[in-house]
Amino acid sequence: MTFRSPVRDIDFALNAIAGLDAVAATGAFPDYDSEIGAAILEAAGQFADGVLAPLNRTGDLKGAFYANGSVTAAPGYVEAYKNFAEGGWAGLAADPEQGGQGLPKALELAAFESFHAANMAFGLCPMLSLAAIEALSHVGTDRQKELYLSKLITGEWTGAMVLTEPQAGSDLGALTATATPNGDGTYALSGQKIFITWGDHDATDNIIHLVLARLPDAPRGSKGISLFLAPKVMVADDGTLGDRNSFRPVGVEHKLGIHASPTCVMSYEGATAELVGEPNQGLAHMFIMMNAARLAVGVQGVGIAERAFQQALAYAQDRRQGRSIWTGEANAPIIDHPDVRRMLVVMKAKIAAARAICLSTGVAADLAQHAATEEERLRWKGREDLFVPIAKAWSTDVGCDVASMGVQVHGGMGFIEETGAAQHYRDARIAPIYEGTNGIQAGDLVGRKLSQDGGESARVLIADMKAILPDLARLLPGKPVERLAAGIEAVEDATFWLLDRKAEADSGADVLAGADAYLKLMGDVVGGWLLARGALAAEARMAEADADQAWLKSKIDLYEAYAANVLGHCSSRLAAVGQGGDLLKRLGGEVLSA
């Protein structure tokens, strides 16, 4: 099935909804303007459509291959990666002094949606390099930046994020890998790591592993973790490559999806490594990578949903079955059956909302660094912190929901591998799991992000959402605005209930019992608010002389469909927030074991 990157929709979400112009107005990106942004999105779409998308199915069928201590990438992926690096895609938002292009992070996220949509397994490789770039840019030494960072930015080398161990998944405090000083400023790294995405491959000459391990005198638990850099091939001070370092893959996992992404089991056998940042501060340093990766995974959810939607839409337009309820045509395309059309509309609306959430988070991240005043930067940092877990969890849930509906639109043919719909469903399923499960995101949202500033960021968000209601009521009076207003009220009630409960002793179970429902409620309502912003922006653009009236009207209609199909569930989300920890505790003993 032919894939076409939704460049126009991405551009609209980035500029009309997320407000990239506010980032440009800071003056922090002198080489950026809207024409450059549009050209980059178009070029990213062309690369995704022409190079990456044709490899998606073959990568799923063939997969990456392990033999004799090394991994071979799926057919065509090495050449595709070289083209990717030569195109400068690895350094869009990186520092120009290190070889990057110095563009807004939000623009980079928008471009990467096309890569993830075209080929999710491929997109994981540069996505993790971007996370490594983020970490080294913040806490790397000058030498590390000179030797390693510049090569990651050009894409000549790739990065890997090395956290998980067999006994230490989400609980990183349980990891046991060790780093023993060699006496020359380097460390001997030993231990086994699992689930290491693109931990080994043959697409580049070197792979830079950022590894969590313990120093000999480290305290127990998460406070005793340090971050280390270990290159696959040793690098001399002049940048030349030397001998192979003493770590290797011992296998690749056989997974439900993303078969072309090698998920490696890695063995470190006294590998030479160097400390990154401060001793025993590895978890804080790694969270620089994790935060970047979590937002990027949210964009993955958008991308795989877009891919599944396009395939389902094409199938529904082509497949003929039954009589149309609207035209009376016999043997009509199944898109003329109301339930199929409903699924397709809901798919498209959820994708648009998730895209807007992710790109708005990217804009908030840019403004948190570059807004004019400290007060503004703190405000946008609060918005970024609040949105990251929502962007990651809600958007990846959308990826799974939309991919599942894509299979349903295909009917029985969706359950057959040859159509390709099943691959999107299988690929999508990992995104709610890695980079912190969506349950962890919900716990992070209610446990840390909501109250880290006393709830001020949530209050500002609620006020911003309420401010749109008068204009929306003028454009779409009645149910469309009433449902958003009710959703905002539900968010407000849930937010203040959680803040009040958090202030009470012994309330942890109640707060965490409502975490998942609260995150989903926030995603539903924030997504609706952003689509409402898009509807109002579309109305304003319709007044322009050369406006595409039908396309802009579709943005208004899309919000209306979202309000009808998604915002109507907010009351049940609110009820679930307050279900209480005692109920869940009782259900665990009385129901689950019955």
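Above this text you will find the structure in question.
Presented here is an overview of the structure given in this document. A quick note: this is a predicted structure, and the numbers were derived from the prediction, not measured.

### Considerations on the pattern of salt bridges
For step 1, the next point in the chain: As enumerated under the stated definition, the model contains 36 salt bridges in all.
For step 2, the next point in the chain: The partner of Asp 9 in a salt bridge is Lys 348, and the shortest N-O contact between them spans 3.6 Å. Of the two residues, Asp 9 sits in helix H1 (residues 7-17) while Lys 348 sits in helix H9 (residues 338-370), which places them 339 residues apart along the sequence.
For step 3, the next point in the chain: Looking at Lys 348, the relative accessible area reads 31%, which means it is partly exposed.
For step 4, the next point in the chain: The partner of Arg 501 in a salt bridge is Asp 510, and the shortest N-O contact between them spans 2.5 Å. In terms of burial, Arg 501 and Asp 510 fall into one category: buried.

### Looking at the side chain of Thr 164
For step 1, the next point in the chain: Within the secondary structure layout, Thr 164 lies in the loop between strand S3 (158-162) and strand S4 (178-181).
For step 2, the next point in the chain: In this structure Thr 164 comes out as buried when scored by relative accessible area, which is 18%.
For step 3, the next point in the chain: Leaving out residues up to four positions away in the same chain, Thr 164 has contacts with Gly 169, Gln 192, Lys 193, Ile 194 and Phe 195.

### Focus: the pairing of strand S5 (residues 187-197)
For step 1, the next point in the chain: Bridge analysis of S4 against S5 gives four bridges, and the strand direction is antiparallel. Its bridge partner being in S5, Ala 179 is matched across the sheet by Leu 189.
For step 2, the next point in the chain: Joining the antiparallel neighbours S4 and S5 is a turn of five residues, in which Gly 183 adopts a positive phi near 90 degrees.
For step 3, the next point in the chain: Relative to strand S11 (residues 263-276), S5 is paired through nine bridges, and the arrangement is antiparallel. Opposite Thr 197, over in S11, you have Thr 263 as the bridge partner.

### Topic: the packing of aromatic side chains
For step 1, the next point in the chain: Within this structure, the stated rule accounts for 13 aromatic pairs.
For step 2, the next point in the chain: Ring centres of Phe 84 and Phe 112 lie 6.1 Å apart, and the angle between their planes is 85 degrees; on these two criteria the pair is classed as edge-to-face. A residue pair is termed long-range when its members are at least 10 positions apart, and Phe 84 in helix H4 (residues 77-86) and Phe 112 in helix H5 (residues 105-118) qualify at 28 residues.
For step 3, the next point in the chain: Assessed through its relative accessible area of 0%, Phe 84 is described here as buried.

### Focus: the packing of H4 against helix H6 (residues 120-139)
For step 1, the next point in the chain: The N-to-C vectors of H4 and H6 enclose an angle of 45 degrees; their axes lie 11 Å apart at closest approach. Overall, the two elements H4 and H6 adopt an arrangement that is oblique. Between H4 and H6 lies a crossing of right-handed hand. Between H4 and H6, the contacting residues are Tyr 77, Ala 80, Tyr 81 and Phe 84 on the first element and Phe 122, Cys 125 and Pro 126 on the second.
For step 2, the next point in the chain: Looking at the contact of H4 with H6 residue by residue, the class counts come to seven nonpolar, no polar and no charged.

### A short note on the nonpolar core
For step 1, the next point in the chain: Ranked by internal contacts, the top residues of the largest apolar core, which has 179 residues, are Leu 484 and Tyr 559.
For step 2, the next point in the chain: Ranked by residues supplied to this core, first place goes to helix H8 (residues 282-318) with 17 residues.
For step 3, the next point in the chain: The residues touching Tyr 559, leaving out its near neighbours within four places in the chain, are Leu 472, Leu 476, Pro 480, Val 481, Leu 484, Gly 528, Leu 531, Ala 532, Ala 535 and Leu 567.
For step 4, the next point in the chain: Of all hydrophobic cores here, the second largest spans 24 residues; its members include Ala 160, Ile 196, Val 252 and Cys 264.

### Observations concerning the environment of Ile 357
For step 1, the next point in the chain: Note that Ile 357 resides in helix H9.
For step 2, the next point in the chain: Looking at Ile 357, the relative accessible area reads 0%, which means it is buried.
For step 3, the next point in the chain: Apart from residues lying up to four places away in sequence, Ile 357 is in contact with Phe 387, Ile 390, Ala 391, Trp 394, Gly 523, Val 526, Gly 527 and Leu 530.

### Quick notes on a nonpolar patch on the surface
For step 1, the next point in the chain: There is a patch of nonpolar side chains on the surface, built from Leu 584, Leu 587, Val 591 and Leu 592 and spanning about 370 Å² of accessible area.
For step 2, the next point in the chain: By secondary structure assignment, the location of Val 591 is in the segment after helix H20 (581-590).

### Quick notes on the pairing of strand S9 (residues 241-244)
For step 1, the next point in the chain: The sheet contact formed by strand S8 (residues 233-235) and S9 spans two bridges and is antiparallel. Each bridged residue has a counterpart across the sheet, and for Val 233 the counterpart in S9 is Arg 244.
For step 2, the next point in the chain: Adjacent in sequence and paired antiparallel, S8 and S9 are bridged by five residues, among which Gly 239 carries a positive phi angle near 90 degrees.

### Some words on unusual backbone geometry
For step 1, the next point in the chain: Phi is positive for Trp 198, close to 50 degrees, though the residue is something other than glycine.
For step 2, the next point in the chain: Position of Trp 198 relative to the elements: it lies in the loop between S5 and strand S6 (207-213).
For step 3, the next point in the chain: Backbone geometry at Glu 435 places phi at a positive 60 degrees, although glycine is not the residue there.
For step 4, the next point in the chain: Mapped onto the elements of the fold, Glu 435 is located in the loop between helix H11 (421-428) and helix H12 (438-449).

Reading the values: rules and limits
- Residues numbered from 1 in each chain as written.
- Predicted model: local features only at pLDDT ≥ 70, side-chain atom pairs only at ≥ 80, totals over all residues.
- Heavy atoms only, no water.
- Salt bridge = Lys/Arg side-chain N within 4 Å of Asp/Glu carboxyl O.
- Helix = DSSP H or I, 4+ residues; strand = E, 2+ residues; numbered from the N terminus.
- Buried < 20%, exposed > 50% of the residue type's maximum accessible area, 1.4 Å probe, protein only.
- Contact = heavy atoms within 4.5 Å.
- Pairing = 2+ DSSP bridges.
- Phe/Tyr/Trp six-rings, centres within 6.5 Å; stacked < 30°, edge-to-face > 60°.
- Axes fitted to C-alpha atoms, helices over the stretch in contact; angles between N-to-C directions.
- Parallel < 35°, antiparallel > 145°, perpendicular 65-115°, else oblique.
- Left-handed = near helix turned anticlockwise from the far one by under 90°.
- Nonpolar A, V, L, I, M, F, W, Y, C, P; charged D, E, K, R; others polar.
- Core = buried A, V, L, I, M, F, W, Y, C linked by side-chain atoms within 4.5 Å.
- Patch = residues over 30% accessible without salt bridge, like charges linked within 9 Å, V, L, I, M, F, W, Y side chains within 5 Å.
- Areas by Shrake-Rupley, 256 points an atom, 1.4 Å probe, with all protein chains shown as cover.

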